[in-house]
Amino acid sequence: MVDTTRLISAIDQFADRLRAAPQSRLQRGASAEALALARELARWTQSMEEPGSEPREMPDAGMFAAADQISVAGRDLAVVLTTEAEVEEAVRVVGEAQKRAGV
């Protein structure tokens, strides 16, 4: 089993910053970036759990749910990662999304 502590920490940091962000920041794109990340993480998880199956898209639950969506999708991914390289890639993806979100 790989250590996913860094990934969970990165996800929690992004989610906490989204929760603390003003509504105006969420409306200017932070929540859209978070939803895009949640969808990407969910697709990644699905591709590992069900290779070759048609991916299901995470629904848009609204700007105030985006933090919870990345938390759930990120933790689901952390459970299925099998190598340190995968963990590092996931941490990189989360960090880049957080920068684009501006939180």
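Fair warning: this is a prediction, and the values are worked out from it, not measured in the lab. (Residues numbered from 1 in each chain as written. Predicted model: local features only at pLDDT ≥ 70, side-chain atom pairs only at ≥ 80, totals over all residues. Heavy atoms only, no water.)

> Is there a simple way to think about the environment of R56 in this case?
The topology assignment puts R56 in the loop between α2 (23-49) and α3 (66-80). The spacing of R56 and R39 is 17 residues in sequence and 9.0 Å in space, taken between C-alpha atoms. Sequence-distant contacts of R56, defined by excluding residues within four places in its chain, comprise Q46 and E50. In this structure the side chain of R56 is engaged in a polar contact, spanning 3.2 Å, whose partner is the side chain of E50. (Helix = DSSP H or I, 4+ residues; strand = E, 2+ residues; numbered from the N terminus. Contact = heavy atoms within 4.5 Å. Polar contact = N/O pair within 3.5 Å; in protein donor to acceptor, adjacent residues only side chain to side chain.)

> Looking at this structure, I do not really get the environment of V2. What am I missing?
Here V2 shows up in the segment before α1 (5-20). With 73 residues separating them along the chain, V2 and R75 place their C-alpha atoms 13 Å apart. Other than its neighbours up to four places away in sequence, V2 contacts L81, T82, T83, E84 and V87.

> Just checking my understanding: could you explain the packing of α1 against α3 for this structure?
Between two packed helices, both the angle of their axes relative to each other and the distance between the axes serve to describe the pair. Taken N-terminus to C-terminus, the directions of α1 and α3 make an angle of 175°; their axes are 8 Å apart at the nearest point. Between α1 and α3, the angle falls in the class roughly antiparallel. In this structure, α1 contributes L7, I8, I11, D12, F14, A15, L18 and R19 to the contact, and α3 contributes A66, A67, D68, I70, S71, G74, R75 and A78. In terms of residue class, the contact of α1 with α3 is made up of ten nonpolar, two polar and four charged. (Axes fitted to C-alpha atoms, helices over the stretch in contact; angles between N-to-C directions. Parallel < 35°, antiparallel > 145°, perpendicular 65-115°, else oblique. Nonpolar A, V, L, I, M, F, W, Y, C, P; charged D, E, K, R; others polar.)

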